[in-house]
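Now for the letters of each chain:
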Amino acid sequence: MTRRSGLRMGSRRTWRAITCLVALVMAAGFFASVLSARAFDGGVPVVPTPTPEPAADQIPRDTAIFTPDGKIIPDGFRSNQMIIRVKKDADPAVVAARWGVQVLGWIPELRLALLGLVDVPDTTIMLDPVSKDPDIDIVEVNAITKAPEARSAINFSTQLPSGISPDYGYSLTGAAQTTCVDGTGVTVAIVDTGIDTTHPDLAGRISPDAYNVLTHTNDASETANGVDDNGDGIVDGMYGHGTHVAGIVARVAPGATLLPIKALDDEGVGDAYAVTEAIVYAADHGAKVINLSLSSSSDSKAIETAVNYAAEKGVIIVAATGNDDTSNPKQYPAAIPGVIGVAATGPDDVKSPFSNYGSDISISAPGTDIESTMPGGAYGVSSGTSMAAPFVAGGLALLLQAQPSLSAEAARATILQAVVSIDSENPDYSGELGSGRLEIPGAVPCQ
Ligand SMILES: [Ca+2]
Ligand SMILES: [Ca+2]
């Protein structure tokens, strides 16, 4: 009791001292601010101009503003969600509470959590201080990841030009001629908009482990909600994307098991957290190859962590390199070391006009005017690096059936060496289209 009352008396004196000190500091601060605001320059008072707000697409990732409105910042982030990796033994819920946010998702294998501002108006959190939390070692705003076709002007669904065989990609890569193996026993995960599992070409080849990371159900079918969710003027613009991609794998490797993982909506829009979750799910459910016909210019550390997790399990990841006809900015996850980044070429082995290129590209494959499956038992022709990647994924399924003991690293090296040089067809892109154009019989000789 005595100590408590002594403390009370002491605190009265302390408060008086603090009050005086605060008053002095405030007065000093006020005068300092008046002095600085009225700094003189040649006798003319200079009023400091406020620092202009950076354009949203110029906000660096490590200092990005985290706001509750959930809008997608033009450069491609969900502004009300961040991904963190907590250190061992740290509780994500405790860390989230510290920053006034909620845990929206948790990937225990990677200790990655998706945190979000939910129903908290007028809150802005800077990422920089969060990154200094001793329990956190990765923090990033949840970046938008899209089917490359969803962001470019090329038509996802096109007509096959006259004179082009609908089979050209399958014969050019030697897939049609590689008849001694069909990919039996190899599971290829298709992380995309889903798959029409009832399509006659695909039914019976679908893994029972199909998964939807957006709803956390086993329903990974393609859906179309009739709404232009991303406001690009095209309603359900990427409905059918995953089915088309899956059909290419199925035609190259008809015996392979397809593991559909829905991580993109019907506009082809997803995010880094969904892709991260999808990669981990695929690696945990028997996939030997993961096809990612999606990309972002944001180098997500969360996705990189998942790529490394999959690599440790012997899983090979193939990704589209993007449709922006550029080498800068690079597109991820294609540019993550170890991922096979695929550029697109046409029937004449010339780079597709839209295809990205650059020193980080691993290999090229046909991606112009590719015929494949579409929802409702249909077929369609599409162009994009999304169509090139599954040729390589299918080729890997054939190789892994032929040589099941091959390590992921050796399989990757084998498929990258099994190419036809396309340097003479592409004199302006020497060394920028990977090792060459996929040539499956070079990796899987059927004699
Ligand atoms: Ca749209
Ligand atoms: Ca839609």
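Our subject is the structure that appears above.
What you see is a predicted model, and the numbers here were worked out from it, not measured in a lab.

*Asks:* Help me get a handle on the overall build of the protein, residues and values and all.
*Replies:* On a plain count of helices and strands, the protein comes out with 10 helices and 21 strands. A total of 447 residues make up the protein; the buried ones form 48% of that total. Sequence-distant contacts in the protein: of pairs separated by 6 or more residues, those separated by 24 or more amount to 74%.

*Asks:* Would you mind going over the packing of helix 6 (residues 272-284) against helix 7 (residues 301-312) in detail, with residue names and values included?
*Replies:* For any two helices packed against each other, the geometry is given by the interaxial angle and the distance between the axes. At a closest axis distance of 8 Å, the pairing of helix 6 and helix 7 adopts a crossing angle of 10 degrees. Between helix 6 and helix 7, the angle is such that the two are roughly parallel. Between helix 6 and helix 7, the contacting residues are A272, Y273, V275, T276, I279, V280 and A283 on the first element and A302, I303, A306, V307, Y309 and A310 on the second. Grouping the constituent residues of the contact of helix 6 with helix 7 by class yields 12 nonpolar, 1 polar and no charged.

*Asks:* Kindly report on helix 6, identifying the contributing residues and their values.
*Replies:* Because each turn of an α-helix spans 3.6 residues, side chains separated by three or four positions end up pointing in the same direction. With 13 residues, helix 6 should cover 18 Å at 1.5 Å per step; its first-to-last C-alpha distance of 18 Å lies within 8% of that length. Counting buried positions along helix 6 gives 12 out of 13 residues, so the element sits mostly inside the fold. All of the buried residues in helix 6 are A272, Y273, A274, V275, T276, E277, A278, I279, V280, Y281, A282 and A283.

*Asks:* Which residues make up the environment of L117, and what are the values?
*Replies:* As for its position among the elements, L117 is in the loop between strand 7 (112-116) and strand 8 (125-126). For L117 and G100, which are 17 residues apart along the polypeptide, the C-alpha to C-alpha distance reads 7.8 Å.

*Asks:* Which residues make up the pairing of strand 19 (residues 378-382), and what values do they have?
*Replies:* As paired strands, strand 18 (residues 370-374) and strand 19 are joined by 5 bridges and run antiparallel to one another. Bridge assignment links I370 to a residue of strand 19, and that residue is S382. The turn linking strand 18 back onto strand 19 is made up of 3 residues, and G376 within it adopts a positive phi angle of 80 degrees.

*Asks:* Go over unusual backbone geometry with me, naming the residues and quoting the values.
*Replies:* Here the bond from N328 into P329 is cis, since omega is 0 degrees, no more than 30 degrees from zero. In this model, Y332 is joined to P333 through a cis peptide bond whose omega is 5 degrees. Unlike most non-glycine residues, D89 shows phi in positive territory, near 75 degrees. Mapped onto the elements, D89 comes out in the loop between strand 5 (77-86) and helix 2 (92-98). Even without being glycine, D236 reaches a positive phi, approximately 55 degrees. Take D236: it is sitting in the loop between strand 11 (211-212) and helix 5 (241-252).

*Asks:* Account for the nonpolar core, with residues named and values stated.
*Replies:* Grouped together as the largest cluster of nonpolar side chains are 115 residues, with contacts concentrated most on V188, V191, I261 and V392. Residue contributions to this core peak at 11 residues, all from helix 8 (residues 385-402). Looking at which domains feed residues into this core, each of domain 1 (12-143) and domain 2 (148-442) supplies at least three. With residues up to four places along the chain from it excluded, the contact list for V191 reads I261, A263, V275, A278, I279, A282, I290, N291, L292 and L294.

*Asks:* Could you give an account of the environment of A282, naming the residues involved and the relevant values?
*Replies:* You can see A282 is positioned in helix 6. Judged by C-beta crowding, with 30 C-beta atoms within 10 Å, A282 ranks as buried. Taking the C-alpha atoms as reference, A282 lies 9.0 Å from P260; in sequence the two are 22 residues apart. In contact with A282, not counting residues within four places along its chain, are A189, V191, L259, I261, A287 and I290.

*Asks:* Report on the packing of helix 8 against helix 9 (residues 408-417), specifying residues and quantitative values.
*Replies:* Contact geometry of helix 8 with helix 9 gives a least axis separation of 10 Å together with a crossing angle of 120 degrees. When the interaxial angle is binned, helix 8 and helix 9 end up oblique. Crossing hand, helix 8 versus helix 9: right-handed. Residues V392, G395, L396, L399 and L400 of helix 8 pack against A411, T414 and I415 of helix 9.

*Asks:* How would you explain helix 9 if you had to name every residue and give the values?
*Replies:* Here helix 9 has its buried residues at A408, A411, R412 and I415. Relative to the axis of helix 9, the buried residues are bounded by an arc of 100 degrees and lie together on one face. Turned more than 90 degrees off the buried face of helix 9, the exposed positions are E409 and A410.

*Asks:* Give me the lowdown on the pairing of strand 14 (residues 289-292), citing residues and values where you can.
*Replies:* Of the two faces of strand 14, both are covered, the one formed by V289 and N291 as well as the one formed by I290 and L292. In this sheet, strand 14 lies alongside strand 10 (residues 187-192) in parallel orientation, the contact comprising 4 bridges. The residue bridging I190 from the neighbouring strand is N291, located in strand 14. Note that strand 14 and strand 15 (residues 316-320) share 4 bridges and pair parallel. The residue bridging N291 from the neighbouring strand is V318, located in strand 15. Running through helix 7, the crossover from strand 14 to the neighbouring parallel element strand 15 is right-handed.

Rules and cut-offs
- Residues numbered from 1 in each chain as written.
- Chains lettered and ligands numbered in written order.
- Predicted model: local features only at pLDDT ≥ 70, side-chain atom pairs only at ≥ 80, totals over all residues.
- Helix = DSSP H or I, 4+ residues; strand = E, 2+ residues; numbered from the N terminus.
- Buried ≥ 20, exposed ≤ 12 C-beta atoms within 10 Å, placed from the backbone.
- Contact = placed C-beta atoms within 7 Å.
- Axes fitted to C-alpha atoms, helices over the stretch in contact; angles between N-to-C directions.
- Parallel < 35°, antiparallel > 145°, perpendicular 65-115°, else oblique.
- Nonpolar A, V, L, I, M, F, W, Y, C, P; charged D, E, K, R; others polar.
- Expected span 1.5 Å × (residues − 1).
- Pairing = 2+ DSSP bridges.
- Core = buried A, V, L, I, M, F, W, Y, C linked by C-beta atoms within 7 Å.
- Domains from an automatic or database assignment.
- Left-handed = near helix turned anticlockwise from the far one by under 90°.
- Arc of directions from axis to C-beta.
- Right-handed = clockwise from strand over helix to strand, strands pointing away.

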